[in-house]
Amino acid sequence: MDETEFWELVDSTREAAEGDPEEQADLLVERLLQLEPDLVLDFARHFEARYNRAYRWDLWGAAWVLLDGASDDAFDFFRCWLIAQGREVFEGALHDPDSLADLLPDFDEEIDGDGEELGYAADEAYEQLTGTVAPDLGIAPAPSEPEGTPVDFENGQVLAERFPRLWDRFKA
């Protein structure tokens, strides 16, 4: 599975789920069950590599504003959800986390921002297909600390200056 196929699978399941992350996770498992186990592992590698790339302070700050706070776990689930929004939103957020204010026109605070189940989809599909737990993916481990400069999440002025569009949309 190449990168294009990975994003096509993400996009098609998001569209079919009409943006509902839990429904998207279920659909993703269903679609992955139609593939060979090695392709499921390829999907998992693509997902995990993007998940690790998104472990950044600036993105965590943006998630903090967007979600009105984001613990370690909430940020983990946010990164899964962000990947599930597709390549344009994901790459746009990595390039400029404040651009999420423009990239997420229909953000629903009740369901959006939490993609915990999406993070388990490939593992679940692999286990159903093979009866075994997925092996090590053979990719670089996640960094021990987020990349970049730490953000003072408790300082509203700092957050408003660093993420002005998100602040205006979600806090003002």
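This is a predicted model, so every value here is computed, not measured.

Thresholds applied
Residues numbered from 1 in each chain as written. Predicted model: local features only at pLDDT ≥ 70, side-chain atom pairs only at ≥ 80, totals over all residues. Heavy atoms only, no water. Helix = DSSP H or I, 4+ residues; strand = E, 2+ residues; numbered from the N terminus. Buried < 20%, exposed > 50% of the residue type's maximum accessible area, 1.4 Å probe, protein only. Contact = heavy atoms within 4.5 Å. Phe/Tyr/Trp six-rings, centres within 6.5 Å; stacked < 30°, edge-to-face > 60°. Expected span 1.5 Å × (residues − 1). 1 Å grid on protein atoms, 1.4 Å probe; cavity = no way out; pocket = protein on both sides within 12 Å on 5 of 7 lines; lining within 4 Å. Points joined across faces, edges and corners; volume = space filled by probe spheres on them. Nonpolar A, V, L, I, M, F, W, Y, C, P; charged D, E, K, R; others polar. pLDDT = per-residue confidence, 0-100. Core = buried A, V, L, I, M, F, W, Y, C linked by side-chain atoms within 4.5 Å. Salt bridge = Lys/Arg side-chain N within 4 Å of Asp/Glu carboxyl O.

Draft legend 1. Seen up close, the environment of Leu27. Counting through the fold element by element, Leu27 comes out in helix H2 (residues 21-32). In this structure Leu27 comes out as buried when scored by relative accessible area, which is 11%. Along the primary structure Leu27 and Ala74 are separated by 47 residues, whereas in three dimensions their C-alpha atoms are 22 Å apart. In contact with Leu27, not counting residues within four places along its chain, are Thr13, Ala16 and Ala17.

Draft legend 2. Here's a closer look at the packing of aromatic side chains. A complete count under the given rule lists 14 aromatic pairs for this structure. Ring plane angle 10° and centroid distance 5.4 Å describe the contact between Trp57 and Trp60, whose orientation is recorded as stacked. Residue Trp57 and its partner Trp60 are both found in helix H4 (residues 57-67); the two are separated by 3 residues, about one turn of the helix. Taken as a pair, Trp57 and Trp60 share a single burial class, namely buried. Centroid distance Phe75 to Phe78: 6.4 Å. Interplanar angle 15°. Geometry classified as stacked.

Draft legend 3. Here's a closer look at helix H3 (residues 37-53). Here H3 contains 17 residues, and its C-alpha end-to-end distance of 24 Å stays within 8% of the 24 Å for a straight helix at 1.5 Å per residue. Residues Val40, Leu41, Phe43, Ala44, His46, Phe47, Arg50, Tyr51 and Asn52 constitute the buried set of H3.

Draft legend 4. Focus on the layout of surface pockets. What the largest pocket holds in volume is close to 220 Å³. Arg14, Gly19, Trp81, Gln85, Val89, Leu103, Leu104, Pro105, Asp106, Phe107 and Asp112 together form the lining of the largest pocket. Here the residues of the lining of the largest pocket sort into 6 nonpolar, 2 polar and 3 charged. Reported here for the second largest pocket is a volume of approximately 160 Å³. The residue makeup of the lining of the second largest pocket, split by class, is 3 nonpolar, 1 polar and 8 charged.

Draft legend 5. The confidence of the model for the protein chain, seen in detail. Here the protein chain shows a mean pLDDT of 95. Residues at 70 or above account for 100%. Least confident of the elements in the protein chain is helix H7 (residues 100-103), whose mean pLDDT is 94; most confident is helix H8 (residues 121-130), at 98.

Draft legend 6. Up close: the nonpolar core. Membership of the largest hydrophobic core comes to 54 residues, with the highest contact counts inside it found for Phe43, Leu59, Phe78, Leu82, Leu100 and Leu166. No other element matches H4, which puts 8 residues into this core. With sequence-adjacent residues up to four places away left out, Leu82 is seen in contact with Leu59, Val89, Phe90, Ala93 and Leu100.

Draft legend 7. Focus on the pattern of salt bridges. Inspection of every chain in the model, using the stated rule, returns 11 salt bridges. Between Arg50 and Glu3 there is a salt bridge, with the nearest N and O atoms lying 2.9 Å from each other. Of this pair, Arg50 sits in helix H3 while Glu3 sits in helix H1 (residues 3-16), and the two are 47 residues apart along the sequence. Given the relative accessible area of 7%, Arg50 is considered buried. We note a salt bridge from Arg79 to Asp76, for which the minimum N-O separation is 2.6 Å. With Arg79 and Asp76 both in helix H5 (residues 72-84) and 3 residues apart, the pair spans about one turn of that helix. Residues joined in a network through salt bridges with shared partners are Asp96, Asp98, Asp102 and Arg165.

Draft legend 8. Inspection of unusual backbone geometry at higher detail. Positive phi outside glycine occurs at Glu18, with the angle close to 50°. Within the fold, Glu18 resides in the loop between H1 and H2. With a phi angle near 60°, Asp68 is a residue other than glycine that sits in the positive phi range.

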